[in-house]
Each structure stands twice: as C-alpha cells, then as structure tokens.
Amino acid sequence: GLAIGLENAGLHSILLNELDKHACATLRHNRPHWNVVEGDISNVDFSGLNEQVDILTGGFPCQAFSYAGKSLGFEDTRGTLFFEMARAIKELNPKVFMAENVRALLTHDNGQTLETIKNVIDELGYKLIEPKVLKAIFYKVPQKRERLILVGIRKDLADKVSFHWPSPYKRVM
C-alpha cells in the first residue's frame, strides 16, 4: 500500500523487497513494471542500483514491538530487521527516508528501543523528525490501524527544507 501511495504522489519505485512469495506474486501481477525482489532483505544487494534514491521507505516487522506479539524487541530476530533498513539507508544514501511501525514502538522497553533507533539514525547522518502516530482512517485508508511514522532527512539537506505532517481529513466516511 505504501508503494502505491508513493506512486500516486508521482514517485517512481526502483526496487521493492518482500519476503512473502504470495505478496510478491500480487505485486508483480498488479505492477509488472516494478522491480520486485523476493526474499530476505539481509540478502538484498543494493550495489546494482545506479539511480539516485530520493526516498527510501520501509516497514520493518512490527511483531517484535507489538502488544499482540511477545514484545521482545531487538531480542526477537524480526526486531533486528530495523538494522537491515539502516544498512539500506547507509548504502543508498537517500535524501529522505520514511519508516512505519506499530504505536507500541514508542514505549517499548521504556523508550529504550526507540532511543537506540534514534541514535542509529543520527549516526547514519540523518535528522529525525519527531516521530508521530497517524491513524490510517483519517487519511482515507480503509482501516483503523495506528502507525508510528519515522521520517529522516539527510543532514546536508535538513536545514534547507521544512517538513510538515499531512493534515488529516476532517470527515471520515
């Protein structure tokens, strides 16, 4: 859904990664021109991408931080996939990145998990916009999920731009 929203905003995807083979088949069927790389993100080699990456987006698995899961955070191997996103940011050096996760990431391990993520983002050379929880239904997405959104702007560009969170729609259908 995130990639379709970005496409609707006029952006062109150069690579999409998904582990689930059925999701990949659906993506390939609906968007045959998309470069869908199926498999574990830890095996994705970004060195073949020759285009400048303006925006890198991702939703590293949230089960490790979710109330519905066991909330093991980085102790759960799914929680360590944030570091794969960090690797992608480091290797691709996008102007901006956006990541989404569950609301519970805000308070997981008394805020220590998010603090670790913030420190990694800073070390990568990005200014993190204060994370915000957005409720999908207020942005014309037909679901009630809340998602924590992280936006980072490369430090060499951060002082030259002004970021504004999208305004929610006033009327929910």
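Note that this is a predicted model, so its numbers are computed, not measured.

Our next topic: the overall build of the protein. Of the regular secondary structure elements, the protein holds 5 helices and 7 strands. Each helix and strand of the protein, ordered N terminal to C terminal, gives the series α-β-α-β-β-α-β-α-β-β-β-α. In the protein, which comprises 173 residues, the share counted as buried stands at 34%. Taking the contacts inside the protein whose residues are at least 6 apart along the sequence as the reference set, 65% of them involve residues at least 24 apart. When the accessible surface of the protein is split by element, carbon and sulfur atoms take 52% of a total near 10900 Å².

Chain-level pLDDT for the protein is 86 on average; 87% of the residues reach the 70-or-more range. Counting contacts from residues 64-69, a segment whose pLDDT is below 50, to residues more than four positions away or on other chains yields 24 contacts.

What follows is about the side chain of Arg154. Tracing the sequence through the fold places Arg154 in strand E7 (residues 146-154). Apart from residues no more than four positions distant in its own chain, Arg154 is found in contact with Gln52, Asn93, Pro94, Lys95, Gly125 and Tyr126.

As a further point, take the packing of helix H3 (residues 82-92) against helix H4 (residues 112-123). One way to put it is that H3 packs onto H4 with a least axis distance of 11 Å and a crossing angle of 15 degrees. The orientation of H3 with respect to H4, classified from their angle, is roughly parallel. When you trace H3 past H4, the crossing you get is right-handed. Here H3 contributes Phe82, Phe83 and Ala86 to the contact with H4, which in turn contributes Thr116, Ile117, Val120 and Ile121. For the contact of H3 with H4, the per-class residue count stands at 6 nonpolar, 1 polar and no charged.

All right, on to the environment of Phe97 then. For Phe97, the position within the fold is in strand E4 (residues 96-102). Residue Phe97 is classed as buried on the basis of its relative accessible area of 3%. When the C-alpha atoms of Phe97 and Val151 are compared, they prove to be 5.7 Å apart, with 54 residues separating the residues in sequence. Leaving out residues up to four positions away in the same chain, Phe97 has contacts with Leu56, Met85, Ile89, Ile121, Tyr126, Leu128, Leu150, Val151 and Gly152.

On to the packing of aromatic side chains, then. Across all of its chains, the model carries 3 aromatic pairs by this definition. When the ring of Phe82 is compared with that of Phe83, the centres are 5.3 Å apart and the planes differ by 70 degrees; the resulting orientation is edge-to-face. The exposure class of Phe83 is partly exposed, given its relative accessible area of 34%. The ring of Tyr169 is capped by Lys140, whose NZ or CZ atom sits 4.5 Å from the centre of that ring.

This part covers the pairing of E4. Across 4 bridges, the pairing between strand E3 (residues 55-58) and E4 is parallel. For Ile55, the partnering residue across the bridge sits in E4 and is Val96. Summarising the sheet, E4 and E7 pair through 7 bridges and their orientation is antiparallel. By the bridge assignment for E7, Asn101 is matched with Leu148.

Per the counting criterion, the structure on display carries 10 salt bridges. Of the charged contacts in the structure, one is a salt bridge between Glu38 and Arg28, with a shortest N-O distance of 3.0 Å. With Glu38 in strand E2 (residues 36-38) and Arg28 in helix H2 (residues 21-30), this residue pair connects regions lying 10 residues apart in the sequence. A salt bridge links Asp54 to Lys95; the shortest N-O distance between them is 3.2 Å. One end of the pair, Asp54, is in the loop between E2 and E3; the other, Lys95, is in the loop between H3 and E4, and 41 residues separate them in sequence. A single salt-bridge network, built from bridges that share partners, covers Glu84, Arg87 and Glu91.

What counts, and at which threshold
Chains are numbered independently. Their residues run from 1 in the order of the written sequence. Totals for whole chains, interfaces and linings use all residues, but because this is a predicted model, local features are given only for residues with pLDDT of at least 70 and pairs of side-chain atoms are given and counted only at 80 or more. No hydrogens and no water enter the side-chain calculation; it runs on all heavy atoms of the structure. Labels follow the DSSP assignment, with helices taken as runs of H or I lasting at least four residues and strands as runs of E lasting at least two, numbered in each case from the N terminus. Only protein chains enter the calculation, and the probe is 1.4 Å; a residue is then buried if its accessible area is under 20% of its type maximum, exposed if over 50%, and partly exposed in between. Note on definitions: a residue-residue contact is assigned when non-hydrogen atoms from the two residues lie within 4.5 Å. Values of accessible area rely on a 1.4 Å probe in the Shrake-Rupley scheme; residue burial ignores everything except the protein chains shown. A residue's pLDDT is simply how confident the predictor is in it, with values from 0 to 100. With axes taken as lines fitted to C-alpha atoms, and helix axes fitted only over the stretch in contact, angles between N-to-C directions fall between 0 and 180 degrees. The labels follow the angle: roughly parallel below 35 degrees, roughly antiparallel above 145, roughly perpendicular from 65 to 115, and oblique for the rest. For any pair of crossing helices, the crossing counts as left-handed if the nearer helix is rotated counterclockwise from the farther one by less than a right angle, and right-handed if it is rotated clockwise. Under the scheme applied here, ten amino acids are nonpolar (Ala, Val, Leu, Ile, Met, Phe, Trp, Tyr, Cys and Pro), four are charged (Asp, Glu, Lys and Arg), and all others, including Gly, are polar. Each Phe, Tyr or Trp ring, with Trp reduced to its six-membered ring, pairs with another whose centre is within 6.5 Å; inter-plane angles below 30 degrees give stacked pairs, above 60 give edge-to-face pairs, and intermediate values give tilted ones. Charge over a ring is defined by NZ of Lys or CZ of Arg lying within 6 Å of the ring centre and within 35 degrees of the ring normal. Strand pairing follows a simple DSSP-based rule, namely that at least 2 bridges must link the two strands. Each reported salt bridge corresponds to a side-chain nitrogen of Lys or Arg within 4 Å of a carboxyl oxygen of Asp or Glu.

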